[in-house]
Amino acid sequence: MASPFLQINASDWIASNTDAFAIFDRFPVTAGHSLIVTKRVIPTWFDATPAEQAALMALVNVIKLLLDDRLNPKPDGYNVGFNSGDAAGQTVPHVHIHVIPRYLGDTADPRGGIRHVIPDKGNYLKEVSSPKIESALGNGLTISTGFPNSPLWEHLSWRIPGARNVDVLASFVQLSGLDVIEERLFEGIRNEAKVRILVSDYLYISDPQALRRLLGWCDLAVEEFADERLLVKLIEMDQIPSGPASFHPKAWQIADDHTGFISVGSSNLSRPALQTGIEWNPV
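Residues numbered from 1 in each chain as written. Predicted model: local features only at pLDDT ≥ 70, side-chain atom pairs only at ≥ 80, totals over all residues. Heavy atoms only, no water.

### Examining the pattern of salt bridges
- Enumeration over the complete set of coordinates arrives at six salt bridges.
- For E52, the salt bridge identified is with R40, shortest N-O distance 2.8 Å. Of the two residues, E52 is situated in helix α1 (residues 50-70) and R40 in the loop between β3 (34-38) and α1; the sequence distance between them amounts to 12 residues.
- Since its relative accessible area comes to 7%, E52 is described here as buried.
- The partner of D106 in a salt bridge is R102, and the shortest N-O contact between them spans 2.8 Å. Considered together, D106 and R102 belong to a single accessibility category, that of buried residues. (Salt bridge = Lys/Arg side-chain N within 4 Å of Asp/Glu carboxyl O. Helix = DSSP H or I, 4+ residues; strand = E, 2+ residues; numbered from the N terminus. Buried < 20%, exposed > 50% of the residue type's maximum accessible area, 1.4 Å probe, protein only.)

### Things to note about the sheet that holds strand β4 (residues 77-81)
- Overall, antiparallel pairing links the five strands, which are arranged β1-β2-β3-β5-β4 in an open sheet. Lying at the two open borders of the sheet, with one neighbouring strand each, are β1 (15-16) and β4.
- Across two bridges, the pairing between β1 and strand β2 (residues 20-24) is antiparallel. By the bridge assignment, A15 is partnered in β2 with A22. (Pairing = 2+ DSSP bridges.)

### Observations regarding the confidence of the model for the protein chain
- When pLDDT is averaged across the protein chain, the result is 85; 88% of the residues are at 70 or more.
- Low pLDDT, under 50, characterises residues 127-148; the predicted model gives this stretch 44 contacts beyond four residues in sequence or across chains. (pLDDT = per-residue confidence, 0-100. Contact = heavy atoms within 4.5 Å.)

### A few points about the nonpolar core
- Within the largest apolar cluster, 31 residues are counted, with the highest numbers of intra-cluster contacts made by V166, I181, I197, W252, L269 and L274.
- Within the residue set of this core, elements represented by two or more residues are α2 (152-156), β8 (165-169), α3 (175-190), β9 (194-200), α4 (208-225) and β11 (251-255).
- When neighbours within four sequence positions are excluded, L274 is seen to be in contact with P151, L152, W153, L156, G177, V180, I181, W252, N268 and L269.
- Listed in part, the 21 residues of the second largest apolar core include L59, V60, L66 and L71. (Core = buried A, V, L, I, M, F, W, Y, C linked by side-chain atoms within 4.5 Å.)

### With respect to the pairing of strand β12 (residues 260-264)
- The alternating pattern of β12 places F261 and S263 on a buried face and G260, I262 and V264 on a face that is not buried.
- Of the pairings in the sheet, the one linking β11 to β12 comprises five bridges and is antiparallel in character. Paired with A251 across the strands is V264, a residue of β12.
- Between the end of β11 and the start of β12, which pair antiparallel, lie four residues.

In structure tokens, the structure reads:
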């Protein structure tokens, strides 16, 4: 089988040296996920010469510094490794090293790191009897309860600055919630993200001051960037033709150039819902 890595044009390399080159992974697990590949087609790491192994590892350091500089926010850590052989999950028989940026909060409990290739034996520090923070729902979905240490905001905050689109749907909005999201939201807007926020006046729980702040954010975005990077809409219950008895949805959708994230649950735009309260949010 011809190596798919050699079909990539050299103009798409993000770094290179005499024996290896680096590219962004076409199916990234996090933003910035990169691959370092030998220029010669070699099945596994153990088939490479010492010089080629040294070239691969040299580019690991180069890519780490490059991602630290380019990614906003800067990664809090990295997973670096390779698969060798079918039993280890290698699917392309051309040696390559994965460099995967990681962020605090991108998983509920990151302890175990690379050991999680066999999930049940990943975290040898975790007590078997400890309460589960997240439970599997299948198809990659988990429930984030916000208790004791997996609030929804930890799953959202690191994704927003590098996003291309951020959509927020909430029944209620409070000033405390806007305090939580403001800094990261405007980081995303400054990085050319398109942000849409939809809230309602259901039961008149939304704080009028919070609604005024949202409108002020819209004005600020237009003034600073001369375009509609931030759109806010208020659903007025008495203006809905169908006359629903309630308006109670809550959801986030965040997409960057490579991946997407969706959370649909119970968290409105308030600090307790995002950071300190007990909530249910499949993500």
